[in-house]
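# Summary of the model geometry
Spelled out from the first residue to the last, the chains are:
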Amino acid sequence: MQIHCMKNTQNFLNKIEKKLVNEKLLLSSKFIETNKFNIAINILEDLDKKFSEIPEVIYNFALSYYHEGIRFFNNQHYQISLQYLKNAELYFEKIKNKNFLFDVYTKLSVCNRIENNYFETLKYHKKLYNLNKKSNFTLSLLIYSKQKLADWENLENLFEKAKIKLDEKASSLTPFSALLLSDDIDVQLKSATNYSETYINSKDKDNFHHSERPKDRKIKVAFLSADFYDHATLYLMAGVFEKLNHDKFNYYAISYSKETDNSNIFNRVKKSFSNFYLVSDKTDIEIAEFLYELEIDIVIDLKGHTKNSRVGILKNKPCPIQISYLGYPGTLGTNFIDYLILDKFIVNEENRKFFSENIIFFPNSYQCNDDNKPQLIKLKRKDFNLPEDKFVLCSLNNGQKYNKKILNVWIDILKKNTNTVLWIMNDPGIKEYVFKYILDSGIEKSRIIPSPRVDYDLHISRLALADLFIDSFPCNAHTTASDALYANLPIITVSGKSMASRVTGSLLSAIKLNQLICKDFEEYFTKINFYINDQIELKKLKKHIKDNKFILYNSEIFARNLEKSFTELWKNYLNNKTYKDIII
């Protein structure tokens, strides 16, 4: 590393002061070179404040804080890392050292994202973008953060810029941002493909070699995820895990989660596996080698391109058959994921070519659900600040799924029906941006009711307090949609071209409620207005859901279909080692 001592004479220093400063600089430099950064900081702090603006002093301060912050960052002590890196930021900004600032801003954005400080994350993504507006990396991060907080200022222009770069095979848009911003499946495929090629796909041909496996042995299947804790994925899959047939298959759970808990849902899932491994301390290649040594035949990645994903574990094909399921609602665009598990509503003739993987077509809906969900509790509207005498329109979705187009429809509905209120999730950015947007349209503040996140059991029961769930677009409710249906709450949705926009439609189609699936916003607006003003038809919907919903919550059937697919995939592989679409 480059260490500075004072070279340029400072006019305000006498000889004694120059000597003192140089001694401190040289001594601090020695400790920086030996990675004793805190000692270097203490030495520099001994200097009088009047020396603090000397560039060489600033640089050594910056370097010491930076490397100490990186040390804590690499050891995943993100809160402590934040403190050091903020000081490094202050000093590097004083001397305008752009090379170091790029990494400091990047690390600060990561620390804040992990700590769920989303406004701070956005601040550093803006700084990164302003540091280098030509960078695809900074553009993609800025778009991600702005969408996360529903900060739409200049977002459309940034998105258009990103789309142009996608055509140049640049990773200018994160895959999940593409799902949230547009129903354009070509953009989504390019985004996923470019991202995978830039950051994940193996650049060599050094794949694992798979020896012949005995045809009469039990198939080994592993589930790979960072979400083996109190997470939405487990609430969907717990019942399926419990119904797996260990007499016919050997099952493994491979968890690289940084979070561990003692939640009921985690303990249920852990008990479902005799082979449960925590591997968060291992590198990607070490986990890949572990899968290979276990001779896993089929691996199911449950993350895709979502937060904390390490799908790159699979980039050198440690397992003969590699599937991605549930975590990410779209194509991954990799060169190593062989299959996605979907259904014939999600994938049709129009959008099939925009999935780079082969498809395992499941009957009914592709989305599994737990058949051991908690019993619905009878709750009162007043406990959630909901009016007794109003029609409650509910959209308890993640705040990043809101956008101006969908809000404009909701605003028109609220204006047309003065007896309605809108119940939405109080996520970061909601009050700052979503509330302001709705209020600026002339809707009274009392008609927008924010809701905090609550315990899962309570969340499912409170959904029943609403009259109608109005879905988001282009990224639908997913887990929340199945939760709403479990609470017998009807959902009006728009199904577009992309997978992310067709998940709710998949669920509704499975229970024969296609009349709630709309092709565009005009039909969406019309149907919502119809049910607001026809309580008899609304009650019929609720009864239909109550009588037919359990096809969605049958873990036994889903587990058997899953194992049927494993058997067929493995048979195909043993016979000719080919990969192709299959229908279950």
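Look above for the structure.
Here we summarise the structure given alongside this text. Predicted, not measured: the structure shown is a model, and the values here were computed from it.

## Describing the overall build of the protein chain
The number of helices and strands found in the protein chain is 21 helices and 14 strands. At 27 Å, the protein chain has a C-alpha radius of gyration in line with the 25 Å of a compact globule built from 584 residues. The burial tally for the protein chain puts 58% of its 584 residues in the buried class. Surface accessibility of the protein chain: about 25,800 Å² in total, with carbon and sulfur atoms responsible for 49%.

## Some remarks on the environment of Glu289
Turning to its location among the elements, Glu289 is positioned in helix H13 (residues 284-293). With relative accessibility at 35%, the residue Glu289 sits in the partly exposed group. As for Glu289 and Asn316, which are separated by 27 residues in sequence, their C-alpha atoms are 9.9 Å apart.

## A few points about helix H4 (residues 78-95)
Across its 18 residues, H4 extends 25 Å between first and last C-alpha, which sits within 8% of the 26 Å expected from 1.5 Å per residue. Every buried residue belonging to H4 is among Tyr78, Ser81, Leu82, Tyr84, Leu85, Ala88, Glu89, Tyr91 and Phe92, and all of these are buried. Residues of H4 that are buried in the fold lie against helix H2 (37-45), helix H3 (55-74), helix H5 (98-114) and helix H6 (118-131). Lys96 sits one or two positions beyond H4 and adopts a positive phi of about 55 degrees.

## Some words on the packing of H5 against H6
Where H5 meets H6, the closest approach of the two axes is 8 Å, and the angle between their N-to-C directions is 160 degrees. Relative to H6, the element H5 lies roughly antiparallel. For H5 against H6, the interelement crossing comes out left-handed. Contacts from Lys98, Leu101, Phe102, Tyr105, Thr106, Leu108, Ser109, Asn112 and Arg113 of H5 reach H6 at Tyr118, Glu120, Thr121, Tyr124, His125, Lys127, Leu128 and Leu131.

## Here's the deal with the packing of helix H1 (residues 15-33) against H2
Where H1 contacts H2, the two axes come as close as 8 Å, and the packing angle between them is 170 degrees. It follows from the interaxial angle that H1 and H2 lie roughly antiparallel. Facing Lys24, Leu25, Leu27, Ser28, Phe31 and Ile32 of H1, the residues of H2 in contact are Phe37, Ile39, Ala40, Ile43 and Leu44. Taken together, the residues of the contact of H1 with H2 sort by class into 9 nonpolar, 1 polar and 1 charged.

## Concerning unusual backbone geometry
Between Phe473 and the following residue, Pro474, the backbone shows a cis peptide bond with an omega angle of 15 degrees. With respect to the element layout, Pro474 can be found in the loop between strand E11 (468-470) and helix H17 (479-486). The backbone phi angle of Asn35 is positive, close to 65 degrees, even though this residue is not glycine. In this fold, Asn35 is placed in the loop between H1 and H2.

## Concerning H2
Listed as buried for H2 are Phe37, Ala40, Ile41, Ile43 and Leu44. Taken around the axis of H2, the buried residues stretch over an arc of 160 degrees, which confines them to a single face. As for H2, its buried residues are in contact with H1, H3 and H4.

## Side note on the sheet that holds strand E14 (residues 582-583)
The parallel open sheet is built from 8 strands, whose spatial order is E3-E2-E1-E4-E5-E6-E7-E14. Bordering the open sheet on either side are strand E3 (276-278) and E14, each of which pairs with just one other strand. Relative to strand E2 (residues 249-255), H13 is tilted by about 170 degrees, and along the sheet it contacts strand E1 (219-225), E2 and E3.

## Some details on the side chain of Asn201
Examined against the element boundaries, Asn201 turns out to sit in the loop between helix H10 (185-199) and E1. In this structure the side chain of Asn201 is engaged in a polar contact, spanning 3.4 Å, whose partner is the backbone nitrogen of Asn335. Each residue touching Asn201, except ones within four places of it in the same chain, is listed here: Ser196, Lys315, Thr334, Asn335 and Phe336.

## Details of the environment of Arg502
Following the sequence through the fold, Arg502 ends up in the loop between strand E12 (491-494) and helix H18 (503-510). Taking C-alpha positions, Arg502 is 5.7 Å from Ile346, a pair spaced 156 residues apart along the chain. If we skip the residues at most four places from it in the chain, Arg502 touches Phe345, Ile346, Asn348, Asn351, Asn476, Ser495, Gly496 and Lys497.

## Observations regarding the pairing of E2
E2 sits mainly inside the fold: 6 of its 7 residues count as buried. Relative to E2, E1 runs parallel, the two being bridged by 7 bridges. Of the residues in E2, the one forming a bridge with Lys220 is Asn250. Crossover E1 to E2 through helix H11 (residues 232-243) is right-handed. Both E2 and E3 contribute to a ladder of 3 bridges, which runs parallel. Residue pairing in the sheet places Ser255 in a bridge with Leu278 of E3. Chirality of the crossover, the property in question, places the unit of E2, helix H12 (residues 264-271) and E3 among those that are right-handed.

## Points about the pattern of salt bridges
Tallied over the entire structure, the rule returns 32 salt bridges. In this structure, Glu295 engages Arg217 in a salt bridge whose closest nitrogen and oxygen atoms are separated by 3.3 Å. With Glu295 in the loop between H13 and strand E4 (298-301) and Arg217 in the loop between H10 and E1, the pair connects residues that are 78 residues apart, well separated along the chain. Overall, the relative accessible area of 31% leaves Glu295 in the partly exposed class. One salt bridge in this structure joins Asp284 and Arg310, with 2.8 Å as the shortest N-O distance. Placement of the pair is Asp284 in helix H13 and Arg310 in the loop between E4 and strand E5 (321-324), with a sequence separation of 26 residues. With a relative accessible area of 30%, Asp284 lands in the partly exposed category. Judged by its relative accessible area of 16%, Arg310 is buried. One connected set of salt bridges, linked through shared partners, spans Arg213, Arg217, Glu295 and Asp297.

## Here's the deal with the sheet that holds E11
With respect to topology, 6 strands assemble into an open sheet ordered E10-E9-E8-E11-E12-E13, the strand pairing being parallel. Only two strands of the sheet have a single neighbouring strand rather than two, namely strand E10 (448-451) and strand E13 (517-518). Strand direction decides the pairing type here: E11 and E12, joined by 2 bridges, are parallel. Along E12, the bridge assignment pairs Ile470 with Ile492.

What counts, and where the lines are drawn
Residues numbered from 1 in each chain as written. Predicted model: local features only at pLDDT ≥ 70, side-chain atom pairs only at ≥ 80, totals over all residues. Heavy atoms only, no water. Helix = DSSP H or I, 4+ residues; strand = E, 2+ residues; numbered from the N terminus. Rg over C-alpha atoms; globule rule 2.2 N^0.38 Å. Buried < 20%, exposed > 50% of the residue type's maximum accessible area, 1.4 Å probe, protein only. Areas by Shrake-Rupley, 256 points an atom, 1.4 Å probe, with all protein chains shown as cover. Expected span 1.5 Å × (residues − 1). Contact = heavy atoms within 4.5 Å. Axes fitted to C-alpha atoms, helices over the stretch in contact; angles between N-to-C directions. Parallel < 35°, antiparallel > 145°, perpendicular 65-115°, else oblique. Left-handed = near helix turned anticlockwise from the far one by under 90°. Nonpolar A, V, L, I, M, F, W, Y, C, P; charged D, E, K, R; others polar. Arc of directions from axis to C-beta. Pairing = 2+ DSSP bridges. Polar contact = N/O pair within 3.5 Å; in protein donor to acceptor, adjacent residues only side chain to side chain. Right-handed = clockwise from strand over helix to strand, strands pointing away. Salt bridge = Lys/Arg side-chain N within 4 Å of Asp/Glu carboxyl O.

Everything listed here is a matter of geometry and, on its own, says nothing about what the molecule does.
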